[in-house]
Amino acid sequence: MAASAPRVRRPPLLLLVPGVAAVGLLTVPLIALLARVSWSTLGSDLTSSVALDALRLSLVCSLAATGLSVVLGLPLAWLLARTEFRGKSVVRAITVLPLVLPPVVAGVALLLAFGRDGLLGRPLFDWFGIQFTFSTAGVVLAETFVAMPFLIVTVEAALQTTDIRFEEVAASLGAGRWATFRLVTAPMIWSSLIAGAALTWARALGEFGATITFAGDIEGRTQTLPLAVYLSLEGSERVAVALSLLLLVISFAVLVALRGRWLGALRR
Amino acid sequence: MTLSAEVEVRLDGFHEEVALDVSDGEVVAVLGPNGAGKTTLLRALAGVRPLTGGRIVLDGLVLDDPVQGVLVPPDQRSCGLVFQEHLLFPHLDAQANVAFGPRRHGASKSEAAAVSRDWLERLDVADVAHQRPRRLSGGQSQRVALARALATGPRLLLLDEPMAALDVTQRSTVRRLLRDHVAESGTSCVLVTHDPLDATALSDTIVLVDAGRVIQRGTPAEVARRPASPWVARLLGVNLLQGRVRGPRFDLGAGLTLPGGGSPDGERWAVLAARSVTVTCDGADDGLTGGPVDGPVVGWSTRVVGVQPTGDRVLLGLEYPPGLTADVPPERPDGGRWTEGMPVWASIDPSDLDLYAPPTV
C-alpha cells in the first residue's frame with residue numbers, strides 16, 4: 001500500500017478559483033480592520049466614556065436577553081419537542097422566523113407592538129407607565145426577539161436526539177413530569193443549553209438593526225456597542241475600529257469556546 | 001401481585017391485541033421477532049403508551065381502561081423498567097442512579113443512599129457505586145439498572161431485552177441474577193425478548209407473539225414439545241414434521257413415511273431436534289455406511305442444500321423434507337467436509353417422536 005505515495009490531484013479550476021475567492025472575500029475585510037487598528041491609542045479609545053458606556057450597556061443587555069431567552073425559550077423548546085398540539089408547525093415556523101427576518105423589520109414590528117402607540121405598548125404605558133422605546137428594557141426586548149431562536153433551535157434539537165426512554169425510566173421510578181424534567185432531562189441537555197445560550201448571547205451582543213429601530217440611540221441608555229461603532233464611524237473612525245476589534249475578539253472567543261468545549265461535549 | 005392485562009393498541013396501521021396474565025412472583029416471557037409488538041406491550045404496561053382498547057389491572061387496581069376513562073400515569077404505577085441499553089442517567093453515578101427511585105418515593109437523602117448501597121451490594125456492584133455510567137462495563141451497567149428498578153420495590157418488573165447487549169459470560173451471570181432476585185423479591189415480571197434461550201431459562205410461562213397477536217402460550221417445556229406453528233418451531237430452533245397419520249403410518253408426503261405410533265388418523269405434527277437427525281454420506285460406491293437401515297431407525301436419501309457452521313457443530317439444511325435441519329459434527333464420517341449439493345443419507349429414530357394434532361386456528 002505504501003509503495004507509491006498518492007499523487008495529489010489538482011481540483012478543477014472552476015471549483016478552486018471561486019473557493020479561493022470566497023476565502024479572500026471573508027478574510028480581506030478582517031485583515032483591513034486589523035491593519036487600521038491604532039494600537040497605541042487602543043487603551044484610551046476603549047476606555048473613553050462613550051466606549052465604556054456602550055460596553056457596559058451591551059454586556060447588561062445581552063446577558064439579560066440571554067437570561068430571558070433561557071427562561072422563555074427552554075420551556076418552549078420542551079413543549080415543541082415533547083408535546084403534541086394543534087398548530088405546532090406554525091409555532092415552530094414563527095420561532096425560527098427571526099433567524100431570517102431582516103432585523104430592521106423586527107424593529108418596526110416591535111415598535112408597532114410595544115411602542116407608545118403599539119398594540120400592547122399603549123395599554124402598558126397607560127396603565128403601568130411602562131415604556132420600551134428609548135429605554136434599556138427596549139434594547140433587551142429587541143435583542144431577545146432576534147436572538148432567542150438560536151436557543152430554542154439548539155435546545156429542541158438536543159431534546160429530539162435524547163432517548164425518550166430515559167424519561168420513561170424516570171417516570172417508572174416515581175418521578176412526575178416536572179421532576180423528570182428537572183432531574184433527568186435538563187441535566188442531560190445541559191451542554192446544548194450552554195451552547196445555545198452562548199450563540200444567543202453572541203447574537204444579542206451584535207444586534208444592531210432591531211435595536212436602533214425600536215429602542216433608538218441614546219448614549220448610556222440604548223446605545224450598545226454596535227450602535228456606538230456605527231455612530232462613531234462618522235466622528236472618530238479610530239474609536240469605531242477599536243470597538244469593532246473588541247466585538248471581533250468576543251465573537252472569535254465564543255466560536256473557539258463552542259468548538260473546543262461545548263460542541264465537543266455534544267459530539268461525545 | 002397479579003397482573004391481568006388485555007392490551008389493545010392501534011397506531012399508524014399497526015394493531016396489537018395481546019392478553020397477558022401474570023401471577024404472584026411469576027416470570028412471563030414474551031417472545032417474538034423484532035416488530036412483533038413486544039415493546040409496545042411493555043410500554044402499555046408501564047403507562048407510557050395509553051391503550052386504545054382493553055384494560056390493565058394490577059392487584060385489583062385498574063391502571064388503564066379507555067372505556068372507563070381510567071389512566072394511571074407511569075410515575076404512580078410502581079413498574080420497574082429495565083432496557084437492553086441500561087439507560088442509566090449519565091449525569092449521576094451508580095449509587096445516585098439507584099437512589100433516584102427511593103428519593104422519588106419520599107426517602108430522605110441518607111435513607112435513599114443506604115437503600116442504594118444495599119442493592120448495589122446485593123448485585124455485586126458496590127465497588128462501582130461512585131462511578132459514572134460511561135465508566136461501567138456492559139454487565140456492570142445492567143446490574144446497576146436492575147438494582148435501580150428493584151430498589152423501589154416495584155409491583156411489576158418489566159424487562160426489555162435485558163441481555164441483548166451483553167456477551168455470553170455476562171449473559172449467563174445476569175440471567176442468574178435476574179432469576180434469583182426476581183424469585184426472592186416475589187415481584188411479578190414480564191420479560192420481552194427475541195432470544196428463545198433467555199425465554200426458556202428465565203420464565204415460567206412463554207407467550208409467543210407475532211404481528212401483534214399471541215401465537216401460543218405455555219410453559220417453556222410445553223411450547224418446545226408442541227409448537228403451535230412452523231414459525232414457533234423455527235424460532236425455537238427445532239424441526240417440525242408435518243404429515244398425516246393413516247392407520248399405522250405417519251405420512252410426510254412424497255414417499256417418506258414414519259411409524260404412526262398408534263396415533264389416531266388425521267393431520268399430525270411432531271417436533272424433531274436438529275441433533276436427532278443423523279446424516280451420513282450417501283454412496284454405495286465408496287463403501288461408507290449408507291442405504292436403508294434396519295430396525296427402528298428410518299432413513300432416506302436426500303441432499304445438502306445449506307451448510308452453516310455454529311461453533312463446534314455444523315447445521316445442515318436438507319432438501320427433503322423441506323426445511324429440515326440437522327445438527328452434525330463439523331467433520332463428515334469419512335473425514336471430508338460438508339458441501340452444498342452433496343447427496344447424503346438422513347436417518348432418525350421415530351420412536352422418540354411425539355405426534356400431536358396441530359392446533360385449530
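Our structure is the block above this text.
Residues numbered from 1 in each chain as written. Chains lettered and ligands numbered in written order. Predicted model: local features only at pLDDT ≥ 70, side-chain atom pairs only at ≥ 80, totals over all residues.

Asks: Explain the overall build of chain B to me, using residue names and the numbers behind them.
Replies: Looking only at helices and strands, chain B features eight helices and 20 strands. Principal axes of the C-alpha set define a box for chain B whose edges measure 80 × 50 × 35 Å. Long-range contacts, defined as pairs at least 24 residues apart, comprise 63% of the intrachain contacts of chain B with a sequence gap of at least 6. (Helix = DSSP H or I, 4+ residues; strand = E, 2+ residues; numbered from the N terminus. Contact = placed C-beta atoms within 7 Å.)

Asks: Explain the interface of chain B and chain A to me, using residue names and the numbers behind them.
Replies: Opposite the 17 residues of chain B that make contact, chain A presents 15 residues. Put simply, the parts of the chain that give the side of chain B that touches chain A at least two residues each are β7 (79-83) and α2 (94-104) of chain B. Residues belonging to the side of chain B that touches chain A are distributed by class as follows: ten nonpolar, five polar and two charged. (Nonpolar A, V, L, I, M, F, W, Y, C, P; charged D, E, K, R; others polar.)

Asks: Can you break down helix α9 (residues 177-188) of chain A residue by residue, with the values?
Replies: Residues and elements named next belong to chain A. Every buried residue of α9 is accounted for by Thr180, Leu183, Val184 and Thr185. End-on, the buried residues of α9 take up no more than an arc of 155°, which puts them together on one face. In α9, the exposed residues that point more than 90 degrees away from the buried face are Trp178 and Arg182. Its buried side turned inward, α9 meets α8 (165-172). (Buried ≥ 20, exposed ≤ 12 C-beta atoms within 10 Å, placed from the backbone. Arc of directions from axis to C-beta.)

Asks: Lay out the sheet that holds strand β14 (residues 257-259) of chain B with the relevant residues and their values.
Replies: All names here are of chain B. Strand order across the open sheet formed by four strands is β14-β13-β12-β15, with antiparallel pairing between neighbours. Strand pairing shows two members of the sheet lacking a second neighbour, β14 and β15 (266-272), which therefore form its edges. Neighbour-to-neighbour, the strand axes of the sheet open up by a mean angle of 40°, direction not taken into account. Summarising the sheet, strand β12 (residues 239-246) and β15 pair through seven bridges and their orientation is antiparallel. Looking at β15, one finds that Leu240 is bridged to Val271. (Pairing = 2+ DSSP bridges. Axes fitted to C-alpha atoms, helices over the stretch in contact; angles between N-to-C directions.)

Asks: Residue-level account of the sheet that holds strand β20 (residues 343-348) of chain B, with values.
Replies: Residues and elements named next belong to chain B. Overall, antiparallel pairing links the five strands, which are arranged β16-β20-β17-β18-β19 in an open sheet. Among the strands making up the open sheet, the edge pair consists of β16 (278-281) and β19 (325-328). Between one strand axis and the next, the sheet turns through 45° on average, direction left out of account. Looking at chain direction, strand β17 (residues 298-310) and strand β18 (residues 313-318) are connected through six bridges and run antiparallel. Bridging from a neighbouring strand, Val307 pairs with Leu316 of β18.

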